[in-house]
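Residues per chain, in single letters:
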Amino acid sequence: MLELLLCSLLTIFPDYLYRRYRQGKRIGREITLFSVWFELRFGIIACLMLTVSLITMIFYYHPSTNSATLYYRTVPIVPEITGRVAEVHVDYSAPVKKGDVIFRLDNSKQQASLETAKRKIAEVDASMLTAQADILKSEGQLQEARSALQQANDELDVKRELQKRNPGIVPQRDIEKLEVVVAGRQGSVDAATASKQSATTRVNALLPAEKASAEAALAEAQVDLDKTFIRAGVNGRVEQFLLRPGDVVNPMIRSAGVLIPEGAGQRALSAGFGQIEAQVMKVGMVAEATCISKPWTIIPMVITDVQDYIAAGQFRGGEQLLEVQNTVRPGTILVFMEPIYQGGLQGVTPGSSCIANAYTSNHELISSGKVGALKSFALHVVDATGLVHAMLLRIQALLLPVKTLVLSGH
């Protein structure tokens, strides 16, 4: 309507002035409801053509969309294990800090496993003390065996020396007995040495390995116990948390609740523009938005990213061929906008629906001097028509509360 009024001032109004003051025709006399088409036909036709051209140019170079939303990502509250809820530490809606316990599962089994692992470490430590005592005992037995061996060797040497000096003075049977005794006591020394080596190996290798395994089992039991405490991964707020003691939670079926991170939905506005505007939408374009949760406010924004893909063309490979006719609704170009000024989205509720405009600017191209005078004038006209869309956005911002509260059935 605004474009039609502006175009009529440049076409129908001059045509009427010509008819009135040049040809002397007056409204209500020569120009009536039945003759207005014939009398002002040039102005009406020019007005329609100019209006269509102006609307096409405005909506192409300065696109607008009603599909703009402050999307935000939520964090599901999902335990790693299945269990029965024992305690709930937050209410239906409550703020939480990173690391706060949201709820706890029944952990009697995990606590028993943790206690068993602790007792196993204590058992290994006790075995270490026993093994060290065994080493001392083996050393004593080895010293005793060596002393007995030395004594037997000395007696054997004396008997052999006497036999050598005075043959026949020592019976050969006694010498053979002593040789058998020496061999037996050498075996005792070897056995004591092996016993000491076994005790030393047990202290230095076997028991440390058993303790390391017990400590690993303790750490695993502690991890299993920690899994029963479901904590907040980020700062945020728990909303619509209906979990109560006695409920059984299963991570494979559904989450236990939803955690909204702090600052979610306050960074960027996501807007969907028509596919025909794909060549116009550029990073760095100035934009404006007004949101229903913050009426009568125009938020200056800038386009920070333009998605290179249209979601409507996405498909998953399966057993059936893709039928293009099933894609009835055309997809949109997803654009991300951020406020130019810090805190621009303050007061806008995350998830709020918004109306957004983007404005094409050819100032740099015009200032570069690479275009002729005619094209430069045309680019000036294109940039100037953005004012019409800016006026329309402000009119929409003014009428948005009326449209929502009065005309939507409230």
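Look up a bit, the structure's there.
What counts as what
Residues numbered from 1 in each chain as written. Predicted model: local features only at pLDDT ≥ 70, side-chain atom pairs only at ≥ 80, totals over all residues. Heavy atoms only, no water. Helix = DSSP H or I, 4+ residues; strand = E, 2+ residues; numbered from the N terminus. Rg over C-alpha atoms; globule rule 2.2 N^0.38 Å. Buried < 20%, exposed > 50% of the residue type's maximum accessible area, 1.4 Å probe, protein only. Contact = heavy atoms within 4.5 Å. Areas by Shrake-Rupley, 256 points an atom, 1.4 Å probe, with all protein chains shown as cover. Phe/Tyr/Trp six-rings, centres within 6.5 Å; stacked < 30°, edge-to-face > 60°. Core = buried A, V, L, I, M, F, W, Y, C linked by side-chain atoms within 4.5 Å. Pairing = 2+ DSSP bridges. Axes fitted to C-alpha atoms, helices over the stretch in contact; angles between N-to-C directions. Salt bridge = Lys/Arg side-chain N within 4 Å of Asp/Glu carboxyl O. Expected span 1.5 Å × (residues − 1). Arc of directions from axis to C-beta. Polar contact = N/O pair within 3.5 Å; in protein donor to acceptor, adjacent residues only side chain to side chain.

J.: Help me understand the overall build of the protein chain in this model?
T.: In terms of regular secondary structure, the protein chain is built from 9 helices and 14 strands. For the protein chain, the C-alpha radius of gyration of 47 Å lies well beyond 22 Å, the compact-globule estimate for 410 residues. If one aligns the C-alpha atoms of the protein chain with their principal axes, the spans along those axes are about 175 × 60 × 50 Å. Looking at the 410 residues of the protein chain, the share that counts as buried comes to 30%. Pairs at least 24 apart in sequence give 79% of the contacts found in the protein chain among residues at least 6 apart. For the protein chain, the computed accessible surface area is about 26,400 Å², with 57% contributed by carbon and sulfur atoms.

J.: Please clarify how the packing of aromatic side chains should be interpreted in this entry.
T.: Between two aromatic rings, the relevant description is the distance of the centres plus the angle of the planes. Summed over the entire model, instances satisfying the criterion amount to 2 aromatic pairs. Aromatic pair Tyr-60 and Tyr-61: ring centres 4.9 Å apart, planes at 90°, arrangement edge-to-face. Given the relative accessible area of 31%, Tyr-61 is considered partly exposed.

J.: Help me out: how do you make sense of the nonpolar core in this one?
T.: A general tendency of soluble globular proteins is for nonpolar side chains to be buried together. Residues Leu-269, Met-301, Ile-303, Val-335 and Met-337 are the most contacted members of the largest nonpolar core, which totals 23 residues. Contributing elements (two or more residues each) for this core: strand 10 (269-273), strand 11 (286-291), strand 12 (294-306), strand 13 (333-339) and strand 14 (353-359). At 4 residues, strand 12 tops the list of elements feeding residues into this core. In contact with Leu-269, other than residues within four places in its own chain, are Ala-68, Thr-69, Leu-70, Ala-289, Met-301, Val-335, Phe-336, Met-337 and Cys-354. Grouped together as the second largest cluster of nonpolar side chains are 16 residues, Phe-241, Leu-243, Ala-256 and Leu-259 included.

J.: For this particular structure, what's the right way to read the sheet that holds strand 6 (residues 229-231)?
T.: Paired through their backbone hydrogen bonds, the strands of a sheet run either parallel or antiparallel. The 4 strands are arranged 6-5-3-8 in an open sheet whose pairing can be described as antiparallel. Because the sheet does not close on itself, it has two edges, and the strands there are strand 6 and strand 8 (248-249). Where strand 3 (residues 83-88) meets strand 8, 2 bridges bridge the pair, whose relative direction is antiparallel. In the strand pairing of strand 8, Arg-84 is matched with Val-248.

J.: What should I look at first to understand the sheet that holds strand 9 (residues 257-261) in this one?
T.: What the 4 strands build is an open sheet, ordered 2-9-7-4; its pairing is antiparallel. Each of the sheet's edge strands pairs with one partner strand only, and the pair in question is strand 2 (75-77) and strand 4 (94-96). Pairwise comparison of adjacent strand axes, ignoring direction, gives a mean angle of 35° for this sheet. Taken together, the 3 bridges between strand 4 and strand 7 (residues 236-239) define a ladder with antiparallel strand orientation. Looking at the pairing, Val-96 lines up with Gly-236 of strand 7.

J.: Any chance you could explain the pattern of salt bridges here in plain terms?
T.: When charged atoms on two side chains of opposite charge get close, those side chains can pair. On inspection of all chains with the given rule, the structure shows 8 salt bridges. Two residues, Arg-267 and Glu-338, come together in a salt bridge whose shortest N-O distance is 3.2 Å. Placement of Arg-267 in the loop between strand 9 and strand 10 and of Glu-338 in strand 13 is noted, with a sequence separation of 71 residues between them.

J.: How should I be thinking about helix 4 (residues 41-61) in this particular structure?
T.: Since the α-helix turns once every 3.6 residues, residues separated by three or four places project in the same direction. With 21 residues, helix 4 should cover 30 Å at 1.5 Å per step; its first-to-last C-alpha distance of 30 Å lies within 8% of that length. Listed as buried for helix 4 are Gly-43, Cys-47, Thr-51, Leu-54, Met-57 and Ile-58. An end-on view of helix 4 places all buried positions within 140° of arc, on one side of the element. Away from the buried face of helix 4 by more than 90 degrees, exposed residues Met-49, Val-52 and Thr-56 are located.

J.: Would you mind showing me how to read the side chain of Asn-357 here?
T.: Note on placement: Asn-357 falls in strand 14. A polar contact is formed between the side chain of Asn-357 and the side chain of Tyr-359, at a distance of 3.5 Å. In terms of polar contacts, Asn-357 uses its side chain to reach the backbone carbonyl oxygen of His-389, at 3.1 Å. Setting aside anything within four residues of it in sequence, one finds Asn-357 in contact with Pro-63, Ser-64, Val-286, Ala-287, Glu-288, His-389, Ala-390 and Leu-393.

J.: Explain the pairing of strand 11 here, please?
T.: Here is the key point about a regular strand: its side chains alternate between the two faces of the sheet. Taken across its 6 residues, strand 11 has 5 buried, putting it largely inside the fold. As paired elements, strand 11 and strand 12 share 5 bridges and run antiparallel to each other. Paired with Ala-287 across the bridge in strand 12 is Met-301. A loop of 2 residues connects strand 11 with strand 12, the two strands running antiparallel in sequence. Where strand 11 and strand 14 come together, 6 bridges link them in antiparallel fashion. Opposite Glu-288, over in strand 14, you have Asn-357 as the bridge partner.

J.: How do you make sense of unusual backbone geometry when you look at a structure like this?
T.: One non-glycine residue with positive phi stands out, namely Gln-240, at about 50°. Structurally, Gln-240 is set in the loop between strand 7 and strand 8. Even without being glycine, Trp-296 reaches a positive phi, approximately 60°. Within the secondary structure, Trp-296 is located in strand 12.

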